[in-house]
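Chains, contacts and geometry: an overview
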Amino acid sequence: MSLATTKTLLGQLKMKHSIENLDRILETALKEDTTCLQFLEQVLQMEVKHRQDKALETRMKQAQFPYLATLDEFDFSFQQSITKRHMQQLLDFQWVDKAYNVLFLGPPGVGKTHLAIALGTQAIESGYKVTFITMEELVKNLKMEEILGKSRSRIKRLRASNLVIIDEVGFLPITKSEANMFFQVVSQFYEHTSIIITSNKGFDEWPEFIGDPVITTAILDRLVHNSELFNMKGDSYRLKNRNTILG
């Protein structure tokens with residue numbers, strides 16, 4: 001079999017990466033007197049690694065994180081209402097398999113979004129599909145789902161995720177119809193999809209921005225039933241570490 005025929009067959013198997021690197025691998029195999037089986041294993045391992053890397057890259061892109069964040073970057077010494085051990089216990093992602101939720105409540109600047117993104121990033125690296133969206137974006141996309149293809153695609157991806165991060169819940173009040181839409185989303189995800197919520201409002205304040213105590217109770221009932229709750233306290237990390245203009 002010729003090299004050209006081999007590349008053609010690899011092309012039919014959609015092993016483009018292997019085609020592009022076949023000459024180099026062959027050259028190395030000849031120098032190292034690699035057996036046929038070892039050579040085949042090298043080709044397959046390289047192709048699998050490439051596909052895994054591309055899949056990871058795609059999942060990261062589709063998550064639409066506003067920025068990258070890791071647990072190692074988080075200052076647990078500044079935010080002492082939560083510990084690194086707490087977060088590390090979540091990294092086995094059994095809670096995602098069981099469709100449990102994680103709720104981060106606390107004032108602005110205490111690191112809620114950072115932790116949510118860090119967990120989301122680790123989930124992606126573990127093979128899960130994750131989508132990040134702010135509450136404001138969620139409401140807008142739900143309202144435009146039947147009209148705009150872009151909103152329809154965003155909601156479709158949301159529903160196909162294993163983990164959905166809804167950031168900044170409670171920053172802006174919502175109407176009753178918007179509250180109903182939010183309730184429908186939470187109901188659809190209940191016991192099927194994990195949700196991470198970040199909110200600057202305590203649960204006692206949710207009826208105020210949702211505008212309906214009955215809907216609020218129904219939403220919280222589903223979110224909290226299977227969940228881990230973190231009440232984060234303290235000063236704003238951003239204010240504490242602000243960059244100043246004057247020296």
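Anything mentioned here points back to the structure above.
Presented here is a report on the structure given in the accompanying data block.

What counts and what doesn't
- Position numbers for residues count from 1 along each chain, tracking the sequence in the order it is written.
- At least 70 in pLDDT is required for a residue's local features to be given in this predicted model, at least 80 for side-chain atom pairs to be given and counted, and no such filter applies to totals for whole chains, interfaces and linings, which use all residues.
- For the side-chain quantities, the full set of heavy atoms in the structure was used; hydrogens and water were omitted.
- A run of H or I in DSSP becomes a helix once it reaches four residues, and a run of E becomes a strand once it reaches two; helices and strands are each numbered from the N terminus.
- To estimate how far a helix should extend, the number of its residues minus one is multiplied by 1.5 Å.
- Contacts: residue pairs with any heavy atoms within 4.5 Å of one another.
- Planes of paired rings set the category: under 30 degrees apart is stacked, over 60 is edge-to-face and the rest tilted, where pairs are Phe, Tyr or Trp rings (Trp by its six-membered ring) whose centres lie within 6.5 Å.
- Note on exposure labels: buried denotes an accessible area under 20% of the residue type's maximum, exposed denotes more than 50%, and partly exposed covers the range between, all computed with a 1.4 Å probe on protein chains only.
- Lines fitted to the C-alpha atoms define the axes, with helices restricted to the stretch that makes contact. Angles between their N-to-C directions range from 0 to 180 degrees.
- Each angle is binned into one of four classes, with values under 35 degrees roughly parallel, values over 145 roughly antiparallel, values of 65 to 115 roughly perpendicular, and all other values oblique.
- In this scheme the handedness of a crossing depends on how the near helix is turned from the far one: anticlockwise by less than a right angle means left-handed, clockwise means right-handed.
- Note on residue categories: nonpolar means Ala, Val, Leu, Ile, Met, Phe, Trp, Tyr, Cys or Pro, charged means Asp, Glu, Lys or Arg, and polar means any other residue, Gly included.

1. Here's the deal with helix α3 (residues 36-63)
In this model α3 runs 41 Å from its N-terminal to its C-terminal C-alpha over 28 residues, within 8% of the 40 Å that 1.5 Å per residue would give. In this structure, the buried side of α3 is in contact with α2 (16-31), α6 (112-125) and β2 (130-134). Looking at the residues trailing α3, positive phi occurs at Q64, about 60°.

2. Brief notes about the packing of aromatic side chains
All told, the structure shown has 7 aromatic pairs when counted by the stated rule. Taken together, a centroid distance of 4.7 Å and an interplanar angle of 65° make the contact between F74 and F76 edge-to-face. We classify F74 as buried; its relative accessible area is 10%. Taking relative accessible area as the criterion, F76 reaches 14% and is therefore assigned buried.

3. Quick notes on the environment of K143
Among the secondary structure elements, K143 is positioned in helix α7 (residues 135-144). Sequence separation of K143 and T8 is 135 residues, and the distance between their C-alpha atoms is 49 Å. When neighbours within four sequence positions are excluded, K143 is seen to be in contact with E178 and M181.

4. Let's talk about the environment of K7
Within the element layout of this structure, K7 appears in helix α1 (residues 3-12). Separated by 16 residues in sequence, K7 and D23 have C-alpha atoms that sit 10.0 Å apart.

5. Topic: the packing of α3 against α6
At their nearest, the axes of α3 and α6 sit 9 Å apart, and the two run at 150° to each other. When the axes of α3 and α6 are compared, the pair comes out roughly antiparallel. Crossing hand, α3 versus α6: right-handed. Each of L56, R59, M60 and A63 in α3 lies in contact with α6, whose residues at this interface are T121, I124 and E125. Residues of the contact of α3 with α6, tallied by class, amount to 4 nonpolar, 1 polar and 2 charged.

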